[in-house]
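Inside the fold
Residues per chain are reported as follows:
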Amino acid sequence: QVQLVESGGGLVQAGGSLRLSCADSGRTLSRYSVGWFRQAPGKEREFVARIDPSGSTPYYSDSVKGRFTISRGNSDNMIYLQLDSLNPEDTAVYYCVAGLDSTGRFVYWGQGTQVTVSS
């Protein structure tokens, strides 16, 4: 059973950095594609980043490419999202996700962690 718990969100000034963490109590993340989504107030949830089980080249949305970095921990139960050069448009609730179904949608979702970037 995959249970995802995010941490590391908070308030940061524009230009600053944060590191989000996602832990899986089941220690099975190495088997799955994993990633991050975000949802800003009044906006639809959007894809941020993804990395596949093979650990090959990660995928990023154009809005975060070059600023955010997704990675896996050395253990089977952690993934990270490094957020650099933050701007107020990055303010959102960030969700950790894992496991793709046959339609390409992520099956497992965390509860989210708030990131707020002040100008």
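Before any of the text, the structure's been laid out above.
In this report, we go over the structure that sits alongside the text. Just so we're clear, the structure is a prediction, and the values are computed from it rather than from any experiment. (Residues numbered from 1 in each chain as written. Predicted model: local features only at pLDDT ≥ 70, side-chain atom pairs only at ≥ 80, totals over all residues. Heavy atoms only, no water.)

A short note on the state of the cysteines
- This structure, assessed with the given rule, holds one disulfide.
- Put simply, Cys22 and Cys96 are joined by a disulfide, and their sulfur atoms are 2.0 Å apart. Looking along the S-S bond of the Cys22-Cys96 disulfide, the torsion reads about -80°, which is the left-handed sense. Here Cys96 lies in strand β9 (residues 92-100) and Cys22 lies in strand β3 (residues 18-24), a separation of 74 residues in the sequence. As far as burial versus exposure is concerned, Cys22 and Cys96 are alike and both buried. (Disulfide = S-S within 2.5 Å. Helix = DSSP H or I, 4+ residues; strand = E, 2+ residues; numbered from the N terminus. Buried < 20%, exposed > 50% of the residue type's maximum accessible area, 1.4 Å probe, protein only.)

A short note on the pairing of β9
- Counting buried residues along β9, seven of its nine residues qualify, which places the element largely inside the surrounding structure.
- Both strand β4 (residues 34-39) and β9 contribute to a ladder of six bridges, which runs antiparallel. Paired with Val34 across the two strands is Ala98, which belongs to β9.
- As defined by bridge partners, β9 adjoins strand β11 (residues 113-118) across three bridges and the pair is classed as antiparallel. Among the inter-strand pairings, Ala92 is bridged to a residue of β11, identified as Val115. (Pairing = 2+ DSSP bridges.)

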